[in-house]
Amino acid sequence: MGSLDTNPGAFSAFGDDAGFQPLNPEDVRAYLHKAVDFISDYYKSVESLPVLPDVKPGYLQKELRAAPPVSSAPFDVTMKELRNSVVPGMTHWASPNFFAFFPSTNSAAAIAGDLIASAMNTVGFTWQASPAATEMEVLALDWLAQLLRLPTSFMNFTSSGRGTGGGVILGTTSEAMLVTLVAARDAALRRSGSDGVAGITRLTVYAADQTHSTFFKACRLAGFDPANIRSIPTGADTDYGLDPARLLQVMQADVDAGLVPTYICATVGTTSSNAVDPVGAVADVAALFNAWVHVDAAYAGSACICPEFRHHLNGVEKVDSISMSPHKWLLTCLDCTCLYVRDTHRLTDSLETNPEYLKNDASESGTVTDLKDMQVGVGRRFRGLKLWMVMRTYGAAKLQENIRSDVAMAKMFEESVRQDDRFEVVVPRNFALVCFRIKPSSGGAISTEEDADEANRELMERLNRTGKAYLAHTVVGGKFVLRFAVGSSLQEERHVRSAWELIQKTTEEIMRGGN
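Residues numbered from 1 in each chain as written. Predicted model: local features only at pLDDT ≥ 70, side-chain atom pairs only at ≥ 80, totals over all residues. Heavy atoms only, no water.

The protein chain has the name Aromatic-L-amino-acid decarboxylase in an unreviewed UniProt entry, where Eragrostis curvula is given as its organism. Regarding the protein chain, the relevant UniProt record gives this comment under Cofactor (unreviewed entry): "pyridoxal 5'-phosphate". Per UniProt, the protein chain has the following entry under Sequence similarities (unreviewed entry): "Belongs to the group II decarboxylase family." (UniProt positions renumbered as here; feature names shortened; annotations may be inferred.)

> Mind showing me how you'd approach the domain arrangement of the protein chain here?
For the protein chain, the assigned domains read domain 1 (25–89), domain 2 (123–381) and domain 3 (397–512). Taking only C-alpha atoms, the centre of domain 1 and the centre of domain 3 are 33 Å apart. Per-residue buried area on domain 1 facing domain 3 is highest for Glu47, Val51 and Leu52; these three make up 77% of the total on that side. A salt bridge links Arg494 to Glu47, with the shortest nitrogen-to-oxygen separation between them at 2.8 Å. Residues that form the side of domain 1 that touches domain 3 fall into these classes: six nonpolar, no polar and one charged. (Domains from an automatic or database assignment. Buried area = accessible area lost by both parts, 1.4 Å probe. Salt bridge = Lys/Arg side-chain N within 4 Å of Asp/Glu carboxyl O. Nonpolar A, V, L, I, M, F, W, Y, C, P; charged D, E, K, R; others polar.)

> What is the right way to read the nonpolar core from this model?
Buried together is how nonpolar side chains tend to be arranged in soluble globular proteins. If you look at the biggest cluster of nonpolar residues, it comprises 95 residues, and the most contacted ones within it are Phe436, Phe484 and Ile503. Sort the elements by how many residues they give to this core and helix H13 (residues 384–419) lands first, with 11 residues. Residues lining this core come from more than one domain, with at least three contributed by each of domain 2 (123–381) and domain 3 (397–512). Ignoring any residue separated from it by four or fewer positions in sequence, one finds Phe436 in contact with Phe413, Val417, Phe423, Glu424, Val425, Val426, Leu471, Val481, Leu482, Phe484 and Ile503. With 33 residues, the next largest nonpolar core counts Val179, Ala184, Val205 and Ala207 among its residues. (Core = buried A, V, L, I, M, F, W, Y, C linked by side-chain atoms within 4.5 Å. Buried < 20%, exposed > 50% of the residue type's maximum accessible area, 1.4 Å probe, protein only. Helix = DSSP H or I, 4+ residues; strand = E, 2+ residues; numbered from the N terminus. Contact = heavy atoms within 4.5 Å.)

> I'm lost on the packing of aromatic side chains in this one. Help?
Two measures describe an aromatic ring pair: the distance that separates the ring centres and the angle between the ring planes. With the rule as written, the count across this model stands at 21 aromatic pairs. Ring geometry for Phe215 against Tyr263: centres 6.0 Å apart, planes inclined by 20°, an arrangement best described as stacked. Here Phe215, found in helix H7 (residues 213–221), pairs with Tyr263, found in strand S6 (residues 260–267); they are 48 residues apart in sequence, far enough to count as distant. Each member of the pair, Phe215 as well as Tyr263, is classed as buried. When the centroid spacing of 6.4 Å and the interplanar angle of 90° are considered together, the rings of Tyr299 and Phe431 count as edge-to-face. Here Phe431 lies in the loop between strand S10 (423–425) and strand S11 (433–438) and Tyr299 lies in the loop between strand S7 (292–296) and strand S8 (321–324), a separation of 132 residues in the sequence. Side by side, Tyr299 and Phe431 carry an identical accessibility label, which is buried. Clustering of aromatic rings is evident, with ring pairs tying together Phe99, Phe413, Phe423, Phe436, Phe484 and Trp500. (Phe/Tyr/Trp six-rings, centres within 6.5 Å; stacked < 30°, edge-to-face > 60°.)

Written out as structure tokens, the structure reads:
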């Protein structure tokens, strides 16, 4: 097999009369060198930039020309406009002062992998369309499954050969939910003897009220009747996790009403408060009704590569599918959501397409994986490369070290909150998210729950206006709560301490009635 010659002299030199050459080798080299320098400088300086930009909607239309240019311009002009107009309008998710939502992690290996994948620009819808891209994705998924200690039933290949399960890398958790909902829908229709989709109005789906809103959106896209989407209330008695007894009660009531329980979404690490649904117990309830169980471990799944967190996935051998997103907490840039299913045929039976122009001997042999049949679209990016490069470059030990460091910093922040009697931790900390708030105190300026909600809202707004930190909020048990999510790839203990000092200082100003 030949190798790529990296000698610039190996490429023919073209003069100006050769016409437009968008991939002129010297331009590629020059442009990418400048882009890499920009990236490196950005990571050096991002800490000093305001996390949230001070711009108004529509600002970029005024900064840059509204109509596309007719004539070409030097690449330096493009880069100058990027620096002067685009960067000042960015919310800097890479900032070590970013504590909102969940982290969007990254690494040198992931950036390099994404760059190379973009340069190759393969469209690996079938194995034949790009054997290495398909097999790299399969390999990376099986590696990650081993780090997570998933049952071999979820792997593409086992020690005894090709398995019945497997995985696919999608863009987001929303896609993972959608494709598994479609597979579960079709299986339930067949099971209930429905003529086509006529019985879809009888199918019901279930999730805790803490489940990500994208689940309810995906249910609608999959054709489920909104009246049959069950959002099951949770409370402090289960730390806002799904109660299997309540789930059983709701599902049985649906069966008694002539409905068909079809799909349950259990979450490991909810967005709002990082609640964990009991995977094994939920699966036991689902088995009574032959319903599909999907586990959304988008954020916290990455932590489960550490043995001390793996128990949160106990019972996963009983579920039908699980997804997690290395772009959240495993140093692999967007987009990268890994979906595993215990029986790939249940997915491909619903999603397979086989037009004449894609038929080939490898696909028809049944010995290869055509990833187009495990997703909504046909075309797909070479996502497996960056995930493989992250695992191959850093190894399990470094990835575990990164998770543990983030959790330790979150624990440090939690302890600081608990030591200040003006605040309370609202729910037990799971992983690297702390949910806290200013609490009411009798006789003080903040004496009621309404006062506390207003004070916490003002605290968040003041913090975010400083540009020195960015926090988001949620509502837990009817209370306005601040979320402090540790995990940005550049974060160090000093950033967490600085954020806490800013929180204390701003709280003092609010309580004194100052600006």
